[in-house]
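Listed below are the residues making up each chain.
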Amino acid sequence: MTRLSLSDTLSYVAECAVRAIPGADGAGLTLLHLDRPDTIVASADFVRVVDDVQYGLGQGPCITAAAEGITVRSGSLETDSQWPEFGPKVGRLGVHSVLSLPLITAGGVLGALNVYAHRPDAFDARAAKLGELFAVPAAISVQNARALASAARLTEQLEKALNSRAVIDQAIGVLISRSGCTGIEGNEKLRSLSQKEHKKVAVVAEALVGEAMKTARSRSRK
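Remember, predicted model here, so these are calculated numbers, not experimental data. (Residues numbered from 1 in each chain as written. Predicted model: local features only at pLDDT ≥ 70, side-chain atom pairs only at ≥ 80, totals over all residues. Heavy atoms only, no water.)

### Describing the overall build of the protein
Short version of the rule: Labels follow the DSSP assignment, with helices taken as runs of H or I lasting at least four residues and strands as runs of E lasting at least two, numbered in each case from the N terminus. We compute the radius of gyration from the C-alpha atoms alone; for a globule the expected value is 2.2 Å times N to the 0.38, where N is the number of residues. Exposure classes here rest on a 1.4 Å probe applied to the protein chains alone. A residue is buried below 20% of its type maximum, exposed above 50%, and partly exposed in between. Residue contacts are counted whenever heavy atoms from the two residues lie within 4.5 Å of one another. Working definition of accessibility: Shrake-Rupley area with a 1.4 Å probe, residue cover restricted to the visible protein chains. In this tally, Lys and Arg are treated as positive and Asp and Glu as negative; His is ignored, and so are the chain termini. Note that the charge is assigned to NZ on lysines, CZ on arginines, CG on aspartates and CD on glutamates.
Looking only at helices and strands, one finds seven helices and five strands in the protein. Tracing the protein from N to C terminus, the helices and strands come up as α-β-β-α-α-β-α-β-β-α-α-α. Taken over C-alpha atoms, the radius of gyration comes to 27 Å for the protein, far larger than the 17 Å a tight globule of 222 residues would show. Taking the principal axes of its C-alpha atoms as reference, the protein extends roughly 80 × 35 × 35 Å. In the protein, which comprises 222 residues, the proportion classed as buried is 38%. At a minimum sequence separation of 6, the contacts of the protein that also span at least 24 residues come to 56%. If you sum the accessible surface of the protein, you get close to 12,500 Å²; carbon and sulfur atoms cover 53% of it. Positive and negative side-chain charges of the protein, numbering 25 and 23 respectively, have mean locations separated by a distance of 13 Å.

Right, here's the structure in full:
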């Protein structure tokens, strides 16, 4: 599981939920970022449609489950007074039952897992209990995948920063060789060029190094 990307992990969790929870026809999984829905994965197309309705309206079982950290269950969405706008809309789409499970870790609520069914009263108390049991390891898996994804992004950013620093140092070396300036003066010249050309220092540095390499190659052929 740790080898999967964040998106792959969410998809895997959603697919497993459909197989694990009796009566499920599809499942969707949403992560929260700054208290807003962030990443949405669906095991079936109709789930994505239902979730789009939910987030567009700002009301629905997933939002309730994530906000309150509680399991939400309904077997008659079309007439459920909890979501007066959401319920009738998805009922007309042929989706009548939902089981929304908050993904809770020690750090708080990560999001929610939404399990849907076309038929009314699809999820009984046993299905809700199985869903709650399933949500515990699911939350841990999602948390780990999210941490790995964050670490991967940070590593990529650091690599880019280090590469940029190396190119900048090379460009300063080019300026020193051209004018006999000091390293500090070369750095100032590079930044002055950056401001003059309205380009990032790394971009200007890369261009300088590229020109120097072309010149060196041209001389070596003569």
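Still more to cover.
### Remarks on unusual backbone geometry
In this structure, Asp121 is a non-glycine residue whose phi angle is positive, near 50 degrees. As for its placement among the helices and strands, Asp121 is situated in the loop between strand S5 (108-117) and helix H5 (125-179). One non-glycine residue, His198, lies in the positive phi region at around 55 degrees. Here His198 lies in the loop between helix H6 (183-197) and helix H7 (201-221).

### Comments concerning the nonpolar core
The line we're drawing: Joining through side-chain atoms within 4.5 Å is the link that ties buried Ala, Val, Leu, Ile, Met, Phe, Trp, Tyr and Cys residues into a set, and such a set is a nonpolar core.
Membership of the largest hydrophobic core comes to 29 residues, with the highest contact counts inside it found for Ile21, Leu29, Leu103, Leu113, Val115 and Phe123. Contributing elements (two or more residues each) for this core: helix H1 (6-20), strand S1 (26-33), strand S4 (97-105), S5 and H5. The greatest single-element share of this core, amounting to eight residues, is contributed by H5. Residues contacting Phe123, with those up to four places away along its chain left out, are Ile21, Pro22, Gly23, Ala24, Arg73, Ser97, Val98, Leu99, Val115, Tyr116 and Ala117.

### Notes on H6
Formally: Helix span, expected: 1.5 Å multiplied by one less than the number of residues in the helix. Here the arc refers to the directions that run from the helix axis out to each C-beta atom.
For H6, built from 15 residues, the straight-helix expectation of 21 Å at 1.5 Å per residue is met to within 8% by its first-to-last C-alpha distance of 21 Å. Burial in H6 covers these residues: Gly186, Leu190 and Ser194. Considered in projection along H6, the buried side chains sweep an arc of 80 degrees and stay on one side of the axis. Along H6, exposed side chains directed more than 90 degrees from the buried face belong to Ile184, Glu188, Gln195 and Lys196. After H6 finishes, the residue His198 shows a positive phi value of roughly 55 degrees.

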